[in-house]
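Breakdown of the fold
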Amino acid sequence: MEASGLDSDGREFKNAGEMWREQIGEGEQQHKKTQWYREGISYWQGVEASVDGVLGGFGTVNGVDINGSEAFLQTLLSERFPNAGRDQHLVALDCGSGIGRITKNLLIRYFNEVDLLEPVSHFLDAARESLAPENHVVSDMHKAVNFFCVPLQEFTPDTGKYDVIWVQWCIGHLTDEDFVSFFKRAKVGLKPGGLFVLKENIARNGFVLDKEDRSITRSDLYFKELFSQCGLHVYKSKDQKGLPEELFAVKMYALTTDMPKRVHKSRSKVQANRPCIIK
């Protein structure tokens, strides 16, 4: 990514390569990359396991976020899985699931099985409790099944297991290299016709590095360059509406491993891994 970017202190980088070399080093400096991930996990280990906590103090956007995601998901299901709910058993993976907010409020209502992937143990414990049958029952045909306490950069799904892999407000913790590596591994976890949904904050230009939680907010162009490296195609995209103006813009991407017959483009203004004030 050749566009310039900023860190949360306002310091400018000529390009992403310069920023990554400083943050994680190169060659033999593996310890710096390990430290990057350790500090990111450490930040979230100090956050309360609540909706307000996982949304960075902006718990009030939960409803708007879920409604926007649901409208996007309904469109995808009607186009890609027309037999859902009748004779098609649907399985989803919720990546960076946190306390199970998205699974509980959205995914478990549309998928027969949902697996949760989250590296912060007390978040996952809260999700397991919240989604236990005695606390949350949609129906016997819809349930949370597996709770994986593993970071994205170390996770490989079972082959051909998932119809949808949902990745929201977490991919910014991955370096570019691990971003590409994750999606290349995760592709094998999709069923034929399956897809990824990536929902993320969008920088207006280039990128913004958050030094506190060790994450990067990428621009739309930055994401699309990485999608190309992953061998993924944008099937459909949509801007999240209704968020407070002081937050980053948020965009949803439906990504497929096959070239779409028709590319759906939304006219949108391109403006951390949670709703976040623009710094």
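Reading the values: rules and limits
Residues numbered from 1 in each chain as written. Predicted model: local features only at pLDDT ≥ 70, side-chain atom pairs only at ≥ 80, totals over all residues. Heavy atoms only, no water. Helix = DSSP H or I, 4+ residues; strand = E, 2+ residues; numbered from the N terminus. Buried < 20%, exposed > 50% of the residue type's maximum accessible area, 1.4 Å probe, protein only. Salt bridge = Lys/Arg side-chain N within 4 Å of Asp/Glu carboxyl O. Pairing = 2+ DSSP bridges. Axes fitted to C-alpha atoms, helices over the stretch in contact; angles between N-to-C directions. Contact = heavy atoms within 4.5 Å. Polar contact = N/O pair within 3.5 Å; in protein donor to acceptor, adjacent residues only side chain to side chain. Parallel < 35°, antiparallel > 145°, perpendicular 65-115°, else oblique. Left-handed = near helix turned anticlockwise from the far one by under 90°.

**So, the environment of Glu212**
- On the secondary structure map, Glu212 appears in the loop between strand S8 (207-210) and strand S9 (215-218).
- Its relative accessible area of 51% is what places Glu212 among the exposed residues.
- Here the alpha-carbon distance between Glu212 and Ser8, two residues 204 residues apart in the chain, equals 8.2 Å.

**Regarding the pattern of salt bridges**
- Tallied over the entire structure, the rule returns 16 salt bridges.
- The salt bridge involving Asp65 is made with Lys199; its shortest N-O contact spans 2.6 Å. One end of the pair, Asp65, is in helix H4 (residues 62-80); the other, Lys199, is in strand S7 (residues 190-202), with 134 residues separating them in the sequence. With respect to burial, Asp65 and Lys199 carry one shared label: buried.
- A salt bridge links Asp115 to Lys161, with the nearest nitrogen and oxygen atoms 2.8 Å apart. Here Asp115 is found in strand S4 (residues 113-117), whereas its partner Lys161 is found in the loop between strand S5 (143-148) and strand S6 (162-168), with 46 residues between them in sequence.

**With respect to the sheet that holds strand S10 (residues 233-239)**
- An order of S5-S4-S3-S6-S7-S11-S10 is seen for the seven strands of this open sheet, with the pairing classed as mixed. Because the sheet does not close on itself, it has two edges, and the strands there are S5 and S10. On average, adjacent strands in this sheet sit at an angle of 20° to one another, irrespective of strand direction.
- Where strand S3 (residues 91-95) and S6 come together, four bridges link them in parallel fashion. Residue Asp94 lies in a different strand from S6, and its bridge partner there is Trp166.
- Packing of helix H5 (residues 101-110) onto the sheet brings it into contact with S3, S4, S5 and S6, and relative to S6 it is tilted by some 140°.
- The strands touched by helix H6 (residues 121-130) are S4 and S5; relative to S5, the strand with the most contacts, the crossing angle is about 160°.

**Some words on the side chain of Gln240**
- Following the sequence through the fold, Gln240 ends up in the loop between S10 and strand S11 (249-256).
- Among the polar contacts listed, one links the side chain of Gln240 to the side chain of Lys199, at a separation of 2.7 Å.
- Apart from the residues within four sequence positions on either side, Gln240 is in contact with Val64, Asp65, Gly68, Ser69, Lys199, Val250 and Met252.

**Comments concerning the sheet that holds strand S2 (residues 12-13)**
- On the basis of which strands lie adjacent, the open sheet formed by four strands has the order S2-S1-S8-S9 and mixed pairing. With partners counted over all chains shown, the strands left at the sheet margins are S2 and S9, one partner each.
- Strands S8 and S9 of the sheet are contacted by helix H8 (residues 220-230), whose axis makes an angle of about 100° with S9.

**A few points about the environment of Lys14**
- Relative to the helices and strands, Lys14 is located in the loop between S2 and helix H1 (16-24).
- The exposed category is assigned to Lys14, whose relative accessible area is 63%.
- Separated by 161 residues in the primary sequence, Lys14 and Thr175 have C-alpha atoms spaced 17 Å apart.
- Residues contacting Lys14, with those up to four places away along its chain left out, are Glu2, Ala3 and Ser4.

**A closer look at unusual backbone geometry**
- Residue Trp169 is not a glycine yet carries a positive backbone phi of 50°.
- Positionally, Trp169 belongs in the loop between S6 and helix H7 (176-186).
- Residue Arg214 is not a glycine yet carries a positive backbone phi of 60°.
- In this fold, Arg214 is placed in the loop between S8 and S9.
- For Arg214, a relative accessible area of 16% gives the class buried.

**Here's the deal with the packing of H4 against H5**
- Running from amino to carboxyl end, H4 crosses H5 at an angle of 25°, the nearest separation of the two axes being 11 Å. Compared by their axis directions, H4 and H5 come out roughly parallel. Along this stretch, H4 crosses H5, giving a crossing that reads as right-handed. Where H4 abuts H5, its residues Asn62, Asp65, Ile66, Ser69, Glu70, Leu73, Gln74 and Leu77 lie against Arg101, Ile102, Asn105, Leu106, Leu107, Arg109 and Tyr110.

**Side note on the pairing of S11**
- Most of S11 sits inside the fold, with eight of its eight residues counted as buried.
- Alternating residues of S11 divide into Ala249, Lys251, Tyr253 and Leu255 and Val250, Met252, Ala254 and Thr256, and every residue in both groups is buried.
- Pairing analysis gives seven bridges linking S7 to S11, with the strands arranged antiparallel. Within the sheet, the bridge partner assigned to Lys199 lies in S11 and is Met252.
- Across six bridges, the pairing between S10 and S11 is antiparallel. The partner of Asp239 across the bridge, within S11, is Lys251.

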